[in-house]
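# A structural walkthrough
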Amino acid sequence: MSWINARRRRPVAGYAALLLGLVVVALAYGAITSSGGVTQASAAVGAQQDTAAGQKLFKANCSSCHGLEAQGTSQAPSLVGAGAAAVDFQVSTGRMPAKEVGAENERKPSSFTAQEIHQMADFIASLGGGAAIPDAQQVSAAGANTALGYQLFSANCSQCHNAGLSGGALTYGKDAPPLTAATPTQIYEAMLTGPEAMPVFADGSVSPQAKRDIVAYITQTRAEPNPGGFSLGRTGPITEGLVIFFGGLGFLILIALWITARRRDPRPTGTE
Amino acid sequence: MSDMEETEGAEGPVAPHRVIGTPPPSPRLLGSTAVAEHREPAEPAMADDEEVAGVPHNVGLAPDDPKMVVHGQRAERVVATCFTLAFFTGCAFVAAYVGIGVGTVDKTLRSNLGLGTTLAATLLLLGTGALIWVRHLMPNVELTEERHDLRSDDADRQGFQEVFKEGTGYSQFVKRPLIRRTLMLGTLPLLAAPIVLLRDSGPKPGTSLRHTVWSPGRRLLVYGTNQPITPADFSAPGSMISIVPDGYQDNDDDLTKAAVVLIKFRPGELDIPTRTQGSTLVGTMNWTVDNIVAYSKICTHVGCPVGLYEQTTHHLLCPCHQSTFDAAKGAEVIFGPAARPLPQLPLTTDSSGYLVAKSDFNEPVGPSFWERG
Amino acid sequence: MSDTDFDVPKALSGTGSFLDDRFHGARGLRVLMRKVFPDHWSFMLGEIALWSFVILLLTGTFLSLFFVPSMNQVTYHGTYVKLDGIRMSEAYQSALNITFDVRGGLLIRQIHHWAADLFMAALIIHMLRIFFTGAYRKPREINWLIGIGLFTLGLLEGLFGYSLPDDQLSGAGLRIFEGALQGIPIVGTYLAFFLFGGPFPGHDIVPRMYIIHVLLIPGILLALISAHLFIMFHQKHTQMPGKGNTEKNVNGQPFFPYFMAKGGAWFFFIFGALVLLATFATINPIQLYGPYSPVAISSASQPDFYMGILEGSLRVMPAWEINFLGHTLSLSVLIPFALPLGIVLGGAALWPFFEQWATGDKSFHNINDRPRNAPARTATGVAAMTFYGVLWAEGANDVIADKLQIPLYTITWIARVMVFVGPALGYLITKRICLGLQRKDAAELLHGYESGIIRQLPNGEFIEVHQPVNEEKRAVLEAKPVPALLPGRGSADENGVPSPGSRGALGWARGVANRAFAETVPVEANGHGDGHHGNGHEVEAGAEHAAVGSAPAGSGHGQLPAGDAAEEEPREGG
């Protein structure tokens with residue numbers, strides 16, 4: 001009689017089986033839906049050269065959807081005037097090349113090196129203007145006014161990306177991603193270029209200084225430890241509610257079962 | 001202790017009485033070898049209506065059975081260990097309080113961890129010790145208590161009724177209706193006093209919900225930076241920004257109605273139908289400047305700021321209850337519980353080129369109310 | 001050496017005499033010390049709420065020493081430097097102060113908030129336990145109503161409590177509260193302006209909520225909790241069906257020292273669990289939300305879980321507004337605000353009386369029902385839970401949409417359908433499950449449990465031997481109420497007069513409800529200890545039996561003979 005079989009019909013066996021099932025399902029689901037990946041930090045912009053190299057990369061990887069001259073096709077918009085910053089953002093976060101047409105593109109590991117991304121960005125910039133890639137000084141947090149960053153973030157960003165930076169749902173299956181993985185440059189570029197459904201925050205309404213403050217606020221917030229313990233995903237009262245029911249009440253009900261369990265005192269000799 | 005019990009009776013091997021996993025037999029009421037002690041406390045003569053519970057009887061072995069003694073000693077050690085450990089964690093709690101300071105986020109984290117773990121350990125150890133004490137040291141005593149009828153017997157009820165009638169008779173309450181009625185009359189206004197006394201808890205709403213602080217020529221400022229904005233500043237299509245009125249950027253009471261969301265469209269995308277409420281114009285393309293439109297940011301459902309702008313679909317989504325407005329079509333409602341479109345702020349530019357309001361909103365902003373009309 | 005072989009110390013006996021001389025307490029205390037409390041894990045759920053309340057009082061007192069209930073605007077220059085220079089209320093600043101500048105402040109604040117959540121969660125579970133075991137029946141209806149009052153007050157208390165720090169998240173909740181208040185016909189705008197001292201947010205709401213939260217509601221809660229406990233003490237706790245448990249007794253262990261010790265241990269465990277949560281699980285990180293501003297909002301803005309049903313109702317409702325004669329009736333706000341929670345709480349409050357009306361059962365009940373033995377009640381409870389649960393889940397729809405990658409509007413549409421379909425399905429399925437479990441119990445009583453022993457009969461057939469259930473189990477299985485069927489429309493006395501209670505539309509409704517409550521599987525017990533009753537088999541007392549139907553039918557174990565213990569028409573009763 002194996003150890004498990006001997007205990008197969010104990011009351012606790014059912015709970016153990018349920019727990020095992022839950023854990024298996026949780027792991028399986030987590031494996032399926034996990035997203036994210038390593039991002040390529042975008043190095044500082046070098047000289048605006050290498051458009052030829054960029055054009056070659058573009059032709060090989062992007063022109064099938066965006067057209068040989070980046071003029072756009074039915075599947076993808078024109079990139080003339082899109083600017084280097086947009087290219088840097090989209091490619092360094094792995095959103096481009098897109099998995100499928102029309103889907104909302106999610107962050108994934110980029111398949112290009114930083115230099116290749118810059119070359120493609122230079123090529124697109126050469127086709128007609130657009131926002132430039134910010135330099136290191138523009139995204140540095142040194143001396144930034146996080147208070148202003150907080151105000152701008154809370155009024156324009158947190159309704160999609162969440163005050164705790166955990167992201168949020170949009171309509172028709174889209175979502176605003178969490179801001180935990182993006183580099184300062186990518187954050188800046190996203191504000192500047194308004195990728196996909198995100199609105200544009202051009203320098204006229206949100207100055208470069210203000211953008212720097214927002215970037216500093218975001219980087220500080222996500223680096224900040226949670227003094228109260230595990231963050232529970234920084235999603236708010238929903239996870240708190242789940243924790244109190246399953247963690248708090250669940251634990252206490254187990255204790256209550258212990259308190260009121262039938263006493264198993266030693267049996268009198270001769271009856272064993 | 002194995003669950004498989006094979007007993008060899010006098011008749012030869014008998015089938016097992018219990019097989020693995022089957023419900024256990026009921027616990028013995030009395031120990032088989034030792035006669036269980038019935039505790040017969042020296043009961044003093046009790047009155048018949050005494051409500052003390054019945055005689056407690058020990059369910060299990062006698063306390064001085066060697067097995068129980070060993071069991072008790074082991075349990076005692078465990079309980080004492082729990083309590084002693086609790087002493088040390090309790091001291092650690094005091095030490096953590098004295099020793100770990102706060103003042104930064106990191107220090108707060110460490111303080112919280114230090115104080116919390118020691119306090120939790122102390123409490124749980126005390127609880128565990130107490131519980132093992134009850135379950136393994138205290139004898140397994142059972143009592144039976146009688147439930148008496150809750151309903152009083154008829155004699156008592158009768159007696160109550162008599163005394164009640166007697167007292168009511170003394171008060172002459174029934175006999176003198178004039179007293180009765182004037183008493184009620186006299187106390188009636190006092191009942192309204194708590195309601196009336198609350199009159200000054202706030203001003204009457206008046207018409208304040210119908211208007212905001214926006215007025216002709218008032219500049220639009222970007223919330224946070226408090227900078228005015230020109231159409232040229234706001235020229236990138238797909239732009240969105242939160243706006244507050246000049247002069248009221250710090251006044252939350254006014255911002256609750258006056259917050260505005262500014263959106264820039266590509267040429268041809270914006271198609272605001274001319275909308276009237278009664279005879280009042282409440283939405284029109286004439287109120288836009290250079291494909292820039294301003295809507296009230298206050299949701300017409302219950303008043304959350306409608307911040308979620310999707311550039312590609314031009315939907316304005318309110319994160320509270322998912323009311324969705326189409327910003328290209330006069331913020332008409334396309335989903336969700338909001339029943340009215342977001343009011344549109346009439347825009348123009350002033351002499352310096354900054355965006356200003358042409359006038360206040362032409363309809364009340366925010367959640368509906370009875371007098372809204 | 002006997003356990004009672006000791007002298008009571010002089011200090012104790014001296015104090016005892018001192019008090020008894022003045023207060024006449026000996027007999028009463030003696031009764032109290034021997035008072036019996038029955039033991040069942042589900043009886044401890046209400047105590048979770050009780051001890052959480054005590055912890056709330058203790059931690060709340062600590063917090064009140066540092067919290068400043070004022071909405072005066074200040075510019076922050078404190079230790080949380082990320083917000084340096086931000087304009088905020090003094091209330092929010094004092095909350096930041098408690099979190100980062102008071103030793104133990106964050107811990108106590110988190111214990112307080114977790115305890116509030118646990119209080120409400122325990123109340124919900126406790127109420128469900130009372131409901132599903134029928135412990136609200138006579139004589140405990142008043143206690144049930146007090147409990148519902150406690151729950152409602154707890155909702156308000158929690159709402160005001162988490163709104164005190166005046167942070168972005170709770171401020172949005174207050175704005176929603178004010179917007180909904182404003183929509184009430186005729187008096188709405190006045191109510192909103194009086195409560196907030198003017199337009200939202202004003203300067204008065206935090207100090208007013210403060211005094212309601214620390215004085216008014218806790219006072220009422222203390223009084224109601226005391227009443228609740230006293231009534232339970234006086235009427236004695238109910239018992240689960242079991243051996244030796246009758247309507248006229250209570251079995252268990254005495255208060256002194258058993259229940260005292262267990263209660264004390266329980267307190268330590270609850271407190272310990274809350275401290276563990278407060279140490280390792282962040283709750284309400286106000287520093288991330290920032291101070292309230294009416295221009296700002298975050299995604300995933302939800303109230304604490306116990307307000308979830310209200311939030312979900314607001315989200316599930318489609319747009320509906322009526323404009324007439326210069327007035328606006330905002331039904332998309334009023335219906336969610338009032339109806340779902342009103343149905344749940346109002347229905348709960350009326351339920352004991354409805355059940356009495358439907359079953360005609362006016363007797364005392366001190367033994368709990370097993371939920372399966374009251375299928376109509378259990379099924380209605382599950383239907384109510386489904387209704388509550390669908391709306392609660394809808395309150396989290398944006399988080400569900402984000403985490404589970406389901407489109408946002410799809411979730412709302414599913415909720416709009418399930419809020420009606422779900423409870424109906426829940427009722428039907430639960431009823432059938434209850435009746436099925438009853439059948440299983442009846443079979444077990446009749447035939448015994450499957451012992452796992454396989455025997456081979458002389459004719460070569462294999463059977464599984466059934467053992468009779470033990471006495472304890474038997475007592476539980478037999479303690480099944482027999483629901484009575486009220487005289488229906490068809491019944492008439494000898495003069496042809498139908499029963500007065502069965503006439504009219506109300507009488508028809510009563511008949512429908514009565515039949516639903518009376519649907520049950522009857523149990524047959526003959527007390528022989530073997531469960532058999534003359535089916536033509538030889539019965540050997542005490543020995544194991546083959547299951548009925550195995551010899552002639554020649555098949556395996558535990559076959560129920562056709563018609564036996566099947567669902568029968570409820571017996572006519574009065």
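Residues numbered from 1 in each chain as written. Chains lettered and ligands numbered in written order. Predicted model: local features only at pLDDT ≥ 70, side-chain atom pairs only at ≥ 80, totals over all residues. Heavy atoms only, no water.

### A look at the nonpolar core
Among the nonpolar cores identified, the biggest contains 105 residues, and Ile48(C), Phe151(C) and Trp266(C) are the most heavily contacted of them. For this core, the leading source of residues is helix H5 (residues 105–133) of chain C, giving 17 residues. Those residues in contact with Phe151(C), other than ones at most four positions away along the chain, are Met120(C), Leu123(C), Ile124(C), Met127(C), Leu345(C) and Tyr388(C). Counting residues in hydrophobic clusters, the runner-up holds 90 residues, among them Tyr150(A), Phe234(B), Phe325(B) and Tyr92(C). (Core = buried A, V, L, I, M, F, W, Y, C linked by side-chain atoms within 4.5 Å. Buried < 20%, exposed > 50% of the residue type's maximum accessible area, 1.4 Å probe, protein only. Helix = DSSP H or I, 4+ residues; strand = E, 2+ residues; numbered from the N terminus. Contact = heavy atoms within 4.5 Å.)

### Notes on the pattern of salt bridges
Enumeration according to the criterion identifies 32 salt bridges over all chains in this entry. Here Asp350(B) makes a salt bridge to Arg219(B), at a shortest N to O gap of 3.1 Å. Highlighted residues: Asp350(B) in the loop between strand S15 (347–349) and strand S16 (355–357) and Arg219(B) in the loop between helix H4 (177–196) and strand S5 (220–222), separated in sequence by 131 residues. The exposure class assigned to Arg219(B) is partly exposed, which follows from its relative accessible area of 26%. One salt bridge connects Arg315(C) with Asp398(C), and the closest N-O pair in it is separated by 3.2 Å. With Arg315(C) in helix H12 (residues 308–316) and Asp398(C) in helix H15 (residues 397–404), this residue pair connects regions lying 83 residues apart in the sequence. Both residues of the pair, Arg315(C) and Asp398(C), count as buried. (Salt bridge = Lys/Arg side-chain N within 4 Å of Asp/Glu carboxyl O.)

### Here's the deal with the environment of Pro487(C)
All names here are of chain C. By secondary structure assignment, the location of Pro487 is in the loop between helix H17 (471–478) and helix H18 (504–518). Separated by 15 residues in sequence, Pro487 and Ser502 place their C-alpha atoms 7.1 Å apart. If sequence neighbours within four positions are ignored, Pro487 has contacts with Ser499 and Ser502.

### A look at the domain arrangement of chain A
Residue and element names in this part refer to chain A. Per the domain assignment, the segments of chain A are domain 1 (54–99 + 106–131) and domain 2 (134–245). Contacts between the two partners involve eleven residues from domain 1, matched on the other side by twelve residues from domain 2. Of the roughly 870 Å² buried where domain 1 meets domain 2, counting both sides, 56% is carbon and sulfur surface. When the buried area of domain 1 at its contact with domain 2 is split by residue, Phe89, Arg95 and Arg107 rank highest and sum to 48% of it. (Domains from an automatic or database assignment. Buried area = accessible area lost by both parts, 1.4 Å probe.)

### Notes on the sheet that holds S5(B)
Residue and element names in this part refer to chain B. Pairing within the open sheet is antiparallel, and its four strands lie in the order S5-S6-S7-S10. Edge strands, defined here as strands with exactly one partner in the open sheet, are S5 and strand S10 (292–296). Ignoring strand direction, the axes of neighbouring strands in this sheet form an average angle of 40°. Bridge analysis of S5 against strand S6 (residues 240–245) gives three bridges, and the strand direction is antiparallel. Note on S6: the bridge partner recorded for Leu221 is Val244. (Pairing = 2+ DSSP bridges. Axes fitted to C-alpha atoms, helices over the stretch in contact; angles between N-to-C directions.)

### Regarding the state of the cysteines
Residues and elements named next belong to chain B. Taken as a whole and judged by the stated rule, the model has one disulfide over all chains. Shown here is the disulfide that connects Cys304 with Cys320, its sulfur atoms set 2.1 Å apart. The S-S bond linking Cys304 to Cys320 shows a torsion near -85°; that makes this disulfide left-handed. Residue Cys304 is found in the loop between S10 and strand S11 (308–310), and its partner Cys320 is found in the loop between strand S12 (315–317) and strand S13 (324–326); the two are separated by 16 residues along the sequence. The same class applies to Cys304 as to Cys320, namely buried. Cys91 carries a free sulfur, and the closest cysteine sulfur to it, the one in Cys82, is 16 Å from it. The thiol sulfur of Cys299 is not disulfide-bonded, and the nearest other cysteine sulfur, from Cys318, lies at 3.9 Å. (Disulfide = S-S within 2.5 Å.)

### Focus: the sheet that holds S11(B)
Residue and element names in this part refer to chain B. Across the sheet, which stays open at both edges, the four strands sit in the order S11-S12-S13-S14 with antiparallel pairing between neighbours. Every interior strand has two partners, whereas the edge strands, S11 and strand S14 (332–335), have only one. Mean inter-strand twist for the sheet, computed between neighbouring axes without regard to direction, equals 30°. Inspection of the sheet shows S12 paired to S13 by three bridges, in the antiparallel sense. Bridge pairing in S13 places His315 opposite Asp326.

### What to know about the interface of chain B and chain A
The partner chain A presents 47 residues to the 52 residues of chain B that form the contact. Counting across the interface, chain B meets chain A through one salt bridge. In this structure, the connection of chain B to chain A is made through 19 residue pairs in polar contact (both at pLDDT 80 or more). If you list the elements that add at least two residues to the side of chain B that touches chain A, you get helix H1 (66–99), helix H2 (105–137), S6, S11 and S12 of chain B. Among the elements that line the side of chain B that touches chain A, the one with the most residues is H2(B), at eleven residues. (Polar contact = N/O pair within 3.5 Å; in protein donor to acceptor, adjacent residues only side chain to side chain.)

### Re the interface of chain C and chain B
Facing 114 residues of chain C, the contacting portion of chain B comprises 102 residues. When the two sides are added together, the surface that chain C and chain B hide from each other amounts to roughly 9100 Å², 61% of it contributed by carbon and sulfur. Considering only the surface of chain C that becomes buried against chain B, Arg34(C), Arg103(C) and Val295(C) emerge as the three largest contributors, covering 9% of it. Here chain C and chain B share five salt bridges between them.

### Considering the packing of H2(B) against helix H10 (residues 255–280) of chain C
Packing of H2(B) against H10(C) brings their axes to within 8 Å, and their N-to-C directions diverge by 160°. It follows from the interaxial angle that H2(B) and H10(C) lie roughly antiparallel. Crossing of H2(B) over H10(C) shows left-handed handedness. A class-by-class count of the residues in the contact of H2(B) with H10(C) yields 20 nonpolar, seven polar and one charged. (Parallel < 35°, antiparallel > 145°, perpendicular 65-115°, else oblique. Left-handed = near helix turned anticlockwise from the far one by under 90°. Nonpolar A, V, L, I, M, F, W, Y, C, P; charged D, E, K, R; others polar.)

### Let's talk about a nonpolar patch on the surface
Residues and elements named next belong to chain C. Nonpolar side chains collect at one region of the surface, where Ile414, Val417, Met418, Phe420, Val421, Leu425, Leu428, Ile429 and Ile433 lie side by side and expose about 840 Å² of accessible area between them. Inspection of the secondary structure puts Leu425 in helix H16 (residues 408–447). The exposure class assigned to Leu425 is partly exposed, which follows from its relative accessible area of 43%. (Patch = residues over 30% accessible without salt bridge, like charges linked within 9 Å, V, L, I, M, F, W, Y side chains within 5 Å. Areas by Shrake-Rupley, 256 points an atom, 1.4 Å probe, with all protein chains shown as cover.)

### Details of the packing of aromatic side chains
Residues and elements named next belong to chain A. Taken as a whole and judged by the stated rule, the model has 39 aromatic pairs over all chains. Arranged with centres 5.8 Å apart and planes meeting at 55°, the rings of Tyr150 and Tyr217 form a pair that is tilted. Note that Tyr150 is positioned in helix H8 (residues 146–156) and Tyr217 in helix H11 (residues 208–223), a separation of 67 residues in sequence. Summarising the burial analysis for this pair, Tyr150 and Tyr217 share the class buried. (Phe/Tyr/Trp six-rings, centres within 6.5 Å; stacked < 30°, edge-to-face > 60°.)

### Considering the side chain of His315(B)
As for its placement among the helices and strands, His315(B) is situated in strand S12. What makes His315(B) buried here is its relative accessible area of 9%. When neighbours within four sequence positions are excluded, His315(B) is seen to be in contact with Thr171(A), Tyr172(A), Leu308(B), Tyr309(B), Glu310(B), Thr324(B), Phe325(B) and Ile334(B).

### Digging into the environment of Ile218(A)
All names here are of chain A. Within the fold, Ile218 resides in helix H11. Judged by its relative accessible area of 2%, Ile218 is buried. Between the alpha carbons of Ile218 and Pro184 there is a distance of 8.6 Å; along the sequence they are 34 residues apart. Sequence-distant contacts of Ile218, that is, excluding residues within four places in its chain, are made with Phe153, Leu165, Leu179 and Ile187.

### Quick look at helix H6 (residues 114–128) of chain A
Residues and elements named next belong to chain A. Between its first and last C-alpha atoms H6 spans 22 Å; for 15 residues at 1.5 Å apiece the expected length is 21 Å, and the two agree. Those residues of H6 that fall on the buried side of the exposure criterion are Ile117, His118, Gln119, Met120, Ala121, Asp122, Phe123 and Ile124. Contacts from the buried residues of H6 go to helix H3 (51–61) and helix H5 (84–92). Where H6 terminates, the next one or two residues include Gly129, which has phi positive at roughly 65°. (Expected span 1.5 Å × (residues − 1).)

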